[in-house]
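# Remarks on the overall topology
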Amino acid sequence: MSLRASPSPTFPPMSLIAIPLLHPAARPHRARVMVAAALLALGLAPDTRAQAPAAPVPPTPAVPTPATPLPPTQATPVPEDILSYADLLYSKDQFALAAQQYQIFIREQPDSPNLQAAWFRLGECYLEVDQLEDAVTTFNYLINTYRRGVFVGSAAYRLAVLRFNSKDYRNALAYFKVAKDELTNPEAVVQARFYHARCLQLTNQPKEALAELEAVMAAGKPEENPFYERCLLESARLFFELGDAAKSLERFQQLAEKASTPEFKEEAIVRGGLMAAEAGQSDLSEKLLNQALDFPDTSPWKSLARVGAIFNAFSRGDHDKVIGLYSTGTYDTPDESRAKLLLIVGHSFRIKNDLESALRLYSLVEGKYPDRTEGIEAGYRKLQILHQEGDPLLPEFATRFAERQSKTNPDSTFIDMAHLMVAEWHFNQAENSASGPGSDFAIKHYAEAAAAYRLVREENIDEKYHEARLYKQGWAEIESGQDSEGILTLSRFIQLHHDSALASSALAKRALAYQAQEDHQYALGDYLDIAKRHPDSPELEFALQQIALIYAHQRKIPEMIEAYRNLLAKFPDTKGAGEAHYWIGVGHFDLEEYTEALAELKKARELDPANEDKATLRIVIAHYQLENIPELAAEARRYLENTPGETAADEKETDKDEKASPAKRTTIPPQILEYVGRKLAEDGKYEDAEYFLTSITDPEKPDETTASVWKLLAECRARLKKFHETIAAYDHYLGLTERPSDRAAAYLARGAAQLCLRDFEADRDSARDSLRSQKEGRTNAEARILLGDISAADGKLEEAAKEYLVVSQIFTDPEITPKALAKAIKAYRALGDQARAEELTQELSKNYPNYVAPEKSDEC
């Protein structure tokens, strides 16, 4: 629903701004038409001040102050006459001239009781000539300045309408609230309150919206309330949204009976009919939907009404009406309703023996909705029809035969044998599936086999088939995902045939089903039973392995270790030896027996390359816990440099398919790599330290690495004379460090690297940044020395000498001061100022007699 009116910012006091003037030639066009339409919709005329939206203008007393000169033929009006003259111009659509008069009145009469009216009319003038921004500013100034009153309400309504039409419902909500609170005209208040409710509804505040709609409906007599029907409709929708279906239906019934607006009435009839059907009120539903069937074909609700009528007819068994309604209309319904609609129409065709039509509809439902209840039922009904018709498309002749026989002679032994043959065929198809067990093909055939086995009545077949049928039924049920049924079937098999050669296999299969259902204790019992009662069975090795795995799952670590050792003792050449050693190692690892864990994990890695990654990772952590730094470094490097999970077979496969993606692997915990990097750095192994520290950094995401790592990495790179990389690391460190002293030291170190690269401008910036970060102290002094070193390297020896000299004079330190003096002496000698150099040499000898200047700096 679209409203018409005007926009909104804030207008400062007049003493602070100049009121914008309208161009004399400006004429109202689109904005004027929009506003007029909005006002007429409100029942508010825009022609005189006394007819401002929803409230009359207060009386205008005369104030004897002229505003602007008039033409010589006219007398100069008193101030209130200016307002009357402006209103006259406004009523004659002379909005540009009217605005000028309103501006004069506002400027000259700031204390007039009619000032709100003038501001409001000024905004109206702007609105009429499409100066929307000025209109918004004016209305907002009026609202924010005066806060209360009918003109505040009218201005708020103008702004609310503009916000509403631009779908800015949250801001419209605030303006409509002001409008409904400040307007006094009852009709205007009702309209403002209605749209306030709509804004609440459109901003997902259903309870508040409902309360406001109820208030609008209570305003006066329903027949005199232009919003009564709309409130009924919106409140019905909201009651449904809030879960009160009974109240929603009641409102829809009211609308269906009394609404004068066609679109409201049609919606109420159809929605009411459908809701009545849901509520079990079939008579009411029938009544309403029958009314809807008489809607014109152009009605958007007629199609949905037909759907409801079809469901009603089917529920009372009137299949002729179902078919008649379906055949005489078109349906634009959601997929959910459409699937059910087509299915029940198909049922009606089938019940009325129009099998061709039924088959067509069943095929449509099955094809379009294969995984839904309707699609499954349609497929079953389609098979019924194909069987009933003897159609050759039904693939299994025995199943077709068994179904036909069941309708004619349900006690026939041929039926059970047919089912048994069908079951065996499907079982063999699944067992011999080229795509292997677990494939969709195998699962499908196992499911069909299980279903057919269950149809076999044991008393109707020869006893020699009993054992194999029951065993295979349980196996097929489990393989097709029917674990609960399979467990029950195999339990019955084990109970009846406990001495069978298939007993150990049945126990193993049932145990697997228990595991799939997370019933690990029951599974453990079956595996222990195999180990105890069937020690020579082919399933023993598998059972021992599963016993160990279940103990691992239950976190029974000592029992797990013992179970794996038992497996290795009985099957030393088992293919699972590597896995066994791995889990024994994991057990010792979890028990914090790291030395024992290392031996087993290394054995696991040696026996089975598939264990490389996961074993190596735990080996790394074990060395970390034992603080074996050399071994930790070696294993960590091995893990980092190895391709994840790659074996010889993987390499061949990768050659075939270059797009094969690497397996996702667990990373070494960053704190371990930081630890080994720090330890190696402490031992002076900077290259190795840099390798590990680099592995836990990401230059693209520097904030994901700690500042301490970036700093240590920078220091290692500086030692390795990788100055570009050093600078980058210090940059990242500075991005994460706030402490001034730390930043000063980092700038200083970065500057040293930049000096080595002879990047003098960047180097000076670093030195100055260090000085700014640390105003005094040793780092400050070293930064000044760095400035001197930069100047010296840049050939600016006088600047260098001055920097060195400043440090030697203002900072006293047994290392820094003599160093600065020595550098100053060297600079002055290079400049040829031997006297100054000698003077400083004597000062150095006197104050620091034991100082020996380094022959050569090795920083670069």
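Everything in this summary refers to the structure shown in the same document.

## Quick look at the pattern of salt bridges
A side chain of one charge can pair with a side chain of the opposite charge if their charged atoms are brought near each other. Considering all chains together, one arrives at 44 salt bridges under this definition. Note that E479 is salt-bridged to K509, the shortest N-O span being 2.3 Å. On the criterion of sequence distance, the pair formed by E479 in helix α22 (residues 466-479) and K509 in helix α24 (residues 503-516) is long-range, its members being 30 residues apart. Using a relative accessible area of 7% as the deciding quantity, one classes K509 as buried. When salt bridges with common partners are traced through the structure, they connect R198, R230, E234, R237, E267 and R271 into a single cluster.

## Here we look at the packing of aromatic side chains
Applying the stated criterion across every chain, the model contains 22 aromatic pairs. Between Y624 and Y675, the aromatic rings sit 5.1 Å apart at their centres with planes inclined by 85 degrees, giving edge-to-face as the arrangement. Taken as a pair, Y624 in helix α30 (residues 612-626) and Y675 in helix α33 (residues 670-682) lie far apart in primary sequence, 51 residues in all. One aromatic cluster is present, formed by Y157, F164, Y169, F176, F194, Y195 and F227 through successive ring pairs. Seen from the ring of W475, K509 lies directly overhead, with NZ or CZ sitting 4.0 Å from the centre. The residue whose ring lies beneath R637 is Y691, and the NZ or CZ to ring-centre distance is 3.9 Å.

## Remarks on the packing of helix α36 (residues 723-736) against helix α37 (residues 740-756)
Packed helices, taken two at a time, are described by their axes: the angle between them and the distance between them. Closest axis-to-axis distance for the α36/α37 pair is 9 Å, and the angle between their directions is 160 degrees. It follows from the interaxial angle that α36 and α37 lie roughly antiparallel. When you trace α36 past α37, the crossing you get is left-handed. Where α36 abuts α37, its residues F723, T726, I727, Y730, D731, Y733 and L734 lie against D742, R743, A746, Y747, A749, R750, A753, Q754 and C756. The residue inventory of the contact of α36 with α37, partitioned by class, reads 10 nonpolar, 2 polar and 4 charged.

Cut-offs and rules
- Numbers given for residues are sequential positions, taken from 1 along each chain in its written order.
- Note on the predicted model: pLDDT of at least 70 is required for a residue's local features to be given, and 80 or more for side-chain atom pairs to be given and counted; whole-chain, interface and lining totals, by contrast, use all residues.
- With hydrogens and water stripped out, all remaining heavy atoms of the structure feed into the side-chain values.
- Salt bridges are defined by distance alone: a side-chain nitrogen of Lys or Arg within 4 Å of a carboxyl oxygen of Asp or Glu.
- Only runs of H or I of at least four residues qualify as helices and only runs of E of at least two qualify as strands under DSSP, and these elements are numbered from the N terminus.
- The cut-offs for exposure are 20% and 50% of the maximum accessible area for each residue type, with area from a 1.4 Å probe on protein chains only; residues under the lower value are buried, those over the upper are exposed, and the others partly exposed.
- Classification of ring pairs uses Phe, Tyr and Trp, with its six-membered ring standing for Trp, and accepts pairs whose centres are within 6.5 Å; under 30 degrees between planes counts as stacked, over 60 as edge-to-face, and the remaining range as tilted.
- Lysine NZ or arginine CZ positioned within 6 Å of the ring centre and within 35 degrees of the ring normal marks a charge as sitting over the ring.
- Axes here mean lines fitted to C-alpha atoms, for a helix over just the part in contact, with angles spanning 0 to 180 degrees between N-to-C directions.
- Under this scheme an angle from 65 to 115 degrees is roughly perpendicular, one under 35 degrees roughly parallel, and one over 145 degrees roughly antiparallel; angles in between are oblique.
- Handedness of a helix crossing follows the sense of rotation of the near helix relative to the far helix, less than a right angle counterclockwise being left-handed and clockwise being right-handed.
- Contacts are residue-level and defined by heavy atoms, with any inter-residue pair within 4.5 Å sufficient.
- All amino acids are sorted into three groups, where Ala, Val, Leu, Ile, Met, Phe, Trp, Tyr, Cys and Pro are nonpolar, Asp, Glu, Lys and Arg are charged, and the leftover types, Gly among them, are polar.

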